[in-house]
Amino acid sequence: MSEPLVLGIESSCDETSVGIVRGEQLLANEVASSMELHARFGGVVPEVASRAHLEAIGPALRRAVAAADVDLSELDAVAVTAGPGLMGSLVVGLAAAKTLAAVLGRPLYGLNHLVGHVAVDLLDHPAGEPARPLARPTLALLVSGGHTQLLRVGNITGDVVEVGTTIDDAAGEAYDKVARLLGLPYPGGPVIDEAARGGDPTAIRFPRGLTAPHDMARHRFDYSFSGLKTAVARWVETRRLDGLDVPVADVAASFQEAVADVITAKAVDAARHHGITDMIIGGGVAANSRLRTLLAERTATAGVVLRRPRPGLCTDNGAMIAVLGAQIVEAGLEPSGLGIGADSGLPVGTVVVRD
Amino acid sequence: MSAHPPTRPIGWTLAVDTSTVVTAGLARDGRTVASEQAGDNHSHVELLVPTIQAVLADAGIGWADLAAIGVGVGPGPFTGLRVGVATAVTAGIAAGVPVIGVCSLDAIAAQWAARGAPAEFIIASDARRRELYWAAYRDGRRVGQPRVSAPAVLPELPTAGPGVRVYPDLLAPRRPGDAPLGLDAGLLAAHLHELPDVGLEPLYLRTPDAAPPTARKSALTGRRHRLRPGTAQ
Ligand SMILES: [Zn+2]
């Protein structure tokens, strides 16, 4: 059998996306984002995102099929994000995927969004060339507006273990909140990255969450950004009360340094501790310039091979779900039934959801 | 509805509605063949496609045999509504079948009209938050747009629909004994081409619960400001 032709649907947060792959070859990846609709609220509003998903799903499906130049009847399987994510958003994609599978008479795979962020690296190679297989194990560092996680991935089709996670905000949320504090627009990631370019990252020493000795005992590989966000708010407010200007570039650079420092330090520490020599980064914040640079430096020093899929594949997209689906098909795993539900808190150890 | 001479579409029509529970029905040449109902208000995405598959299998047909798909677009709880509409839209694309959106209240009104409704009546359904979704009908046709309001605001007219069970003290006395309490998707399939096409955007009738952030509370007092995003119903 030739490599499976799989369509993947992703709708866990504010991106509605349909991707199509043949094995590890990317054929289409159509993404519609509702990000601008959330800007005035300073964060993703679940109901607004859900409405946008419903409007976007049909057009995204048509565009993906046209871009891949395939006929739906040629598909071997349909894959979809079953969780984790926003419930109202997930069910739109899941309903569409189930229907597609039912109409076409093809198997449905309800998959874990987080594992999709890892699998997507298999698509990051020149068209027509074979994919670089993922090292086993790989340490995955996922950083976005919705997640901040370290995963030990022995096998993307079934052996994924959480090594660390945020105990409060996701890194991307901290960016959004600090941006608002500084009067910068949503989403915070790109604007803080930009503002930080002209600033001094050592100007203000903001705290690195969960790095104190007592925290390292219990939360060595976990993250926390709530205290950092409050520290930035206090610093800015004190400055204003003192009648002084807020040096936006320095605050942005110092905040970004604190985030990048703690994320990369813990990721490299986890790799060393678990004896893992390969790391992959995913999620929207993977595009952050300081995080990228510092992670490259520190992994190199530690002798860890770093893989970073191109930014368009790091953000949420349907192709990452499609390629994970193709791996699952090739591994011969049982499909999910058409009766599965969405699971907003799907544990990372569950790669394929069952009834 | 009754104002137009009913057209007799040739072939199979599938109708689904998720404005309350999951319902799916089939009609052939304008006559109901099957009608199924499943679940509660919280398992639409789990149950809808399997229910449709069962209805099709029982009739001995497949998706490719359908000539039209009708979907109730509410009003109703948002998350459930979207399951029905996403399913209908995707089926339309995958099976190459036209999809028609109808107001779910109109579908119940047509059921009542078909067996002799009063000249004027109300169809109401649960909008939660101590409100009802409702629409008024005269001579079998809807008067104005569907609305959402407190039960006390409803005109004192004969009333049917799922809202009757939610406010029995107020509404049960207004319901004639044979008036429908729920939507029958088999009848919706049969009446589909007589009902107004309202498009495929759900009839939300409410804006999302979300407000732009207000002035931030001081971080120096230790109080935390949190944006409270709206939740789906
Ligand atoms: Zn993601």
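Values in this document were obtained by computation on a predicted structure and should not be read as measured data.

J.: Give a detailed account of the overall build of chain A, specifying residues and quantitative values.
T.: Scanning chain A for helices and strands turns up 12 helices and 10 strands. The C-alpha atoms of chain A give 20 Å as radius of gyration, which agrees with the globular expectation for 355 residues (20 Å, within 12%). If one aligns the C-alpha atoms of chain A with their principal axes, the spans along those axes are about 65 × 45 × 35 Å. Within the span of chain A, comprising 355 residues, buried residues form 60% of the whole. In chain A, of all internal contacts separated by at least 6 residues, the share reaching a separation of at least 24 is 73%. Split by element, the accessible area of chain A, about 12,600 Å² in all, is 52% carbon and sulfur. Side chains of chain A give 30 positive and 41 negative charges; the mean places of these two sets differ by 4 Å.

J.: Give a detailed account of the sheet that holds strand β8 (residues 159-165) of chain A, specifying residues and quantitative values.
T.: All names here are of chain A. Overall, mixed pairing links the 5 strands, which are arranged β8-β7-β6-β9-β10 in an open sheet. Strand pairing shows two members of the sheet lacking a second neighbour, β8 and β10 (305-307), which therefore form its edges. With direction set aside, neighbouring strand axes in the sheet form an average angle of 25°. Pairing of strand β6 (residues 138-143) with strand β9 (residues 278-282), which is carried by 4 bridges, proceeds in the parallel orientation. Looking at β9, one finds that Leu141 is bridged to Ile281.

J.: Any chance you could break down the UniProt feature "domain: Gcp-like" (unreviewed entry) in chain B for me, citing the residues and the numbers?
T.: Mapped onto this numbering, the UniProt entry annotates "domain: Gcp-like" (unreviewed entry) at residues 42-141 of chain B. When the span residues 42-141 of chain B is considered, its composition is 45% helix and 26% strand, and the gap between its end C-alpha atoms is 31 Å.

J.: Residue-level account of the UniProt feature "domain: Gcp-like" (unreviewed entry) in chain A, with values.
T.: The UniProt record marks residues 25-322 of chain A with the feature "domain: Gcp-like" (unreviewed entry), using the residue numbering of this structure. Overall, residues 25-322 of chain A shows 48% helix and 17% strand. The separation of its end C-alpha atoms is 10 Å.

J.: Provide a residue-level description of the layout of surface pockets, including the pertinent values.
T.: All names here are of chain A. In this structure, the largest pocket spans a volume of roughly 1,400 Å³. Per element, the largest residue contribution to the lining of the largest pocket is 6 residues, and it comes from helix α5 (residues 171-181). Partitioning the lining of the largest pocket into residue classes produces 19 nonpolar, 19 polar and 11 charged. Each of domain 1 (5-124 + 313-353) and domain 2 (138-308) gives at least three residues to the lining of the largest pocket.

J.: Explain the nonpolar core to me, and be specific about the residues and the numbers.
T.: Counting residues in hydrophobic clusters, the biggest one holds 94 residues, and the most contacted among them are Leu7, Ile20 and Leu72 of chain A together with Leu26, Trp63, Leu66 and Ile123 of chain B. In terms of residues, this core owes the most to one element, helix α3 (residues 87-104) of chain A, which gives 12 residues. Sequence-distant contacts of Trp63 of chain B, that is, excluding residues within four places in its chain, are made with Thr99, Ala102 and Val103 of chain A together with Leu14, Ile52, Gln53, Leu56, Ala91, Ala95 and Val97 of chain B. Formed by 49 residues, the second largest nonpolar core is a distinct cluster that contains Leu182, Ala195 and Ile281 of chain A together with Ala219 of chain B.

J.: Report on the domain arrangement of chain A, specifying residues and quantitative values.
T.: All names here are of chain A. When its domains are assigned, chain A resolves into domain 1 (5-124 + 313-353) and domain 2 (138-308). Each of domain 1 and domain 2 was reduced to a C-alpha centroid, and the two centroids are 27 Å apart. Domain 1 puts 27 residues into the contact, and the matching count from domain 2 is 24 residues. Between domain 1 and domain 2 lies a buried interface of about 1,900 Å² when both sides are counted; carbon and sulfur atoms form 70% of it.

Conventions we followed
Residues numbered from 1 in each chain as written. Chains lettered and ligands numbered in written order. Predicted model: local features only at pLDDT ≥ 70, side-chain atom pairs only at ≥ 80, totals over all residues. Heavy atoms only, no water. Helix = DSSP H or I, 4+ residues; strand = E, 2+ residues; numbered from the N terminus. Rg over C-alpha atoms; globule rule 2.2 N^0.38 Å. Buried < 20%, exposed > 50% of the residue type's maximum accessible area, 1.4 Å probe, protein only. Contact = heavy atoms within 4.5 Å. Areas by Shrake-Rupley, 256 points an atom, 1.4 Å probe, with all protein chains shown as cover. Lys, Arg positive; Asp, Glu negative; His and termini not counted. Charge placed at Lys NZ, Arg CZ, Asp CG, Glu CD. Pairing = 2+ DSSP bridges. Axes fitted to C-alpha atoms, helices over the stretch in contact; angles between N-to-C directions. UniProt positions renumbered as here; feature names shortened; annotations may be inferred. 1 Å grid on protein atoms, 1.4 Å probe; cavity = no way out; pocket = protein on both sides within 12 Å on 5 of 7 lines; lining within 4 Å. Points joined across faces, edges and corners; volume = space filled by probe spheres on them. Nonpolar A, V, L, I, M, F, W, Y, C, P; charged D, E, K, R; others polar. Domains from an automatic or database assignment. Core = buried A, V, L, I, M, F, W, Y, C linked by side-chain atoms within 4.5 Å. Buried area = accessible area lost by both parts, 1.4 Å probe.

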